[in-house]
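Coordinates in review
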Amino acid sequence: MGWLAIAFSKEAWSLYLGRLSLGFGTAVFNYVGPVYVADITPKNLRGGFSSLVQAITICSISVAYFVGSITYWRTLALIDVIPCLIPVLCLFFVPESPRWLAKNGRDNEFKTSLQCLRGMSADISQEAAEIQDYTQNLQRSSEDKILDVFSSKYAHSVIVGVGLMLLQQLGGYKGFAYYANSIFYLAGFPSTIGIIAVAVTQIVMNILGILLIDSSGRRPLLMVSVVGTFFGCFLTGVSFLLQDLHSLEKITPFIALIGILMYVGFYSLGMSGIPWIIMSEIFPVNIKGSAGSLCNLVNWFCSWVVSYTFNFLLEWSSAGTFFIFSGISGLAIIFILKLVPETKGRTLEEIQASMTRGAR
């Protein structure tokens, strides 16, 4: 509906209406998608499947940028209707989340859905028993109120979820993504070549992240990612600082290119997708809706803040802008070291129990 409103718009208000519709749809899909994938996949494959969702998202954005650079914007809007229609048709064949069915007491449908997902010849008795036992214990100890998300019992989970969403967006990725042309122009590097290099780097590093996440674990990959974004932003800031000082002017565009590619590459390796994966894993089913919505709200609000302020920051100080984002990546390093748990190879029930154990 949003893309159609944009494609056939005659006035500005229909563009706003279409963008608002896209905002609602994207916000819901970006949260429900990772949660659903985490709900249905076995623990040994959950990281890879969840990373694949995020990787496809990033790669699709890169493709959209490329198509948008060679087509008229109304044509692009009509093309974008097609990938919106495909999920509508496919969802008729997608089983409901077994954990959601268990939470709502629909035991027969729960077992049917789990059996369908694991294969008709698979033995699901142990996994089904673990999910049902955990869900029943959780419901006996909680009244399932929205305000439960702010109770001390779930403080660790909420701090990790909200903190990762804050740091993911405030680290500046949307500025790099939305204003790549401006950054390359200011750096004195050809924007077309730069954007193609960024798109290729994102795709390659996303694929690498998928291959590594279930072997290396979430936390180490996240650490490597934020260390890389720290140095990428710092190097980009140094290039603009040298430019302001009229020093090494012949090589500053290439320093900027290296810094930008380092940032987007390492961001794509882990920080782009792993916060969504961890967020989908750490919240028990009774607060998953409210806690996940809070994380989603924080994520998109911070995305808007960066998108809105990025141009103003560049006008204030190009070098200072990237040093600020580098500092936020530095804070992310400390946050991950101190608070973020490793979730690799554990069931959702084990992860959630460990994060609430000992809390009242």
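Residues numbered from 1 in each chain as written. Predicted model: local features only at pLDDT ≥ 70, side-chain atom pairs only at ≥ 80, totals over all residues. Heavy atoms only, no water.

In the annotation of an unreviewed UniProt entry, the chain is listed under the name Major facilitator superfamily protein, putative and assigned to Theobroma cacao. Turning to the chain, the UniProt record has this under Subcellular location (unreviewed entry): "Cell membrane". Under the UniProt heading Sequence similarities (unreviewed entry), the note attached to the chain is "Belongs to the major facilitator superfamily. Sugar transporter (TC 2.A.1.1) family." (UniProt positions renumbered as here; feature names shortened; annotations may be inferred.)

Orientation of helix H8 (residues 155-170) relative to helix H14 (residues 274-282), taken along the N-to-C sense of each, is 165 degrees, at an axis distance of 10 Å. Between H8 and H14, the angle is such that the two are roughly antiparallel. In this structure, the crossing between H8 and H14 has a hand that is left-handed. When H8 is examined against H14, the residues Ser-157, Val-160, Gly-161, Leu-164, Met-165 and Gln-168 are found in contact with a partner set consisting of Pro-275, Trp-276, Ile-278, Met-279 and Ile-282. For the contact of H8 with H14, the residue count by class is 8 nonpolar, 3 polar and no charged. (Axes fitted to C-alpha atoms, helices over the stretch in contact; angles between N-to-C directions. Helix = DSSP H or I, 4+ residues; strand = E, 2+ residues; numbered from the N terminus. Parallel < 35°, antiparallel > 145°, perpendicular 65-115°, else oblique. Left-handed = near helix turned anticlockwise from the far one by under 90°. Contact = heavy atoms within 4.5 Å. Nonpolar A, V, L, I, M, F, W, Y, C, P; charged D, E, K, R; others polar.)

Turning to helix H10 (residues 180-187), its buried residues are Ala-180, Ile-183, Phe-184 and Ala-187. The arc that holds the buried residues of H10, viewed along the axis, is 95 degrees, so those residues lie on one side. The elements touched by buried residues of H10 are helix H9 (173-178), helix H11 (191-216), helix H12 (218-244), helix H13 (252-271), helix H15 (288-316) and helix H16 (318-339). Downstream of H10 by one or two residues, Gly-188 has phi in the positive range, about 80 degrees. (Buried < 20%, exposed > 50% of the residue type's maximum accessible area, 1.4 Å probe, protein only. Arc of directions from axis to C-beta.)

Time to look at the packing of aromatic side chains. Tallied over the full model, the rule gives 17 aromatic pairs. Centroid distance Phe-189 to Phe-254: 6.0 Å. Interplanar angle 85 degrees. Geometry classified as edge-to-face. Here Phe-254 lies in helix H13 and Phe-189 lies in the loop between H10 and H11, a separation of 65 residues in the sequence. Seen in terms of ring centroids, Phe-240 and Phe-322 are 5.5 Å apart; in terms of plane orientation they differ by 10 degrees. Their pairing is stacked. On the criterion of sequence distance, the pair formed by Phe-240 in helix H12 and Phe-322 in helix H16 is long-range, its members being 82 residues apart. Judged on exposure class, the residue Phe-240 and its partner Phe-322 are both buried. Here the aromatic cluster, defined as three or more aromatic residues joined through ring pairs, consists of Tyr-173, Phe-176, Tyr-179, Phe-240, Tyr-263, Tyr-267, Phe-310, Phe-322 and Phe-325. (Phe/Tyr/Trp six-rings, centres within 6.5 Å; stacked < 30°, edge-to-face > 60°.)

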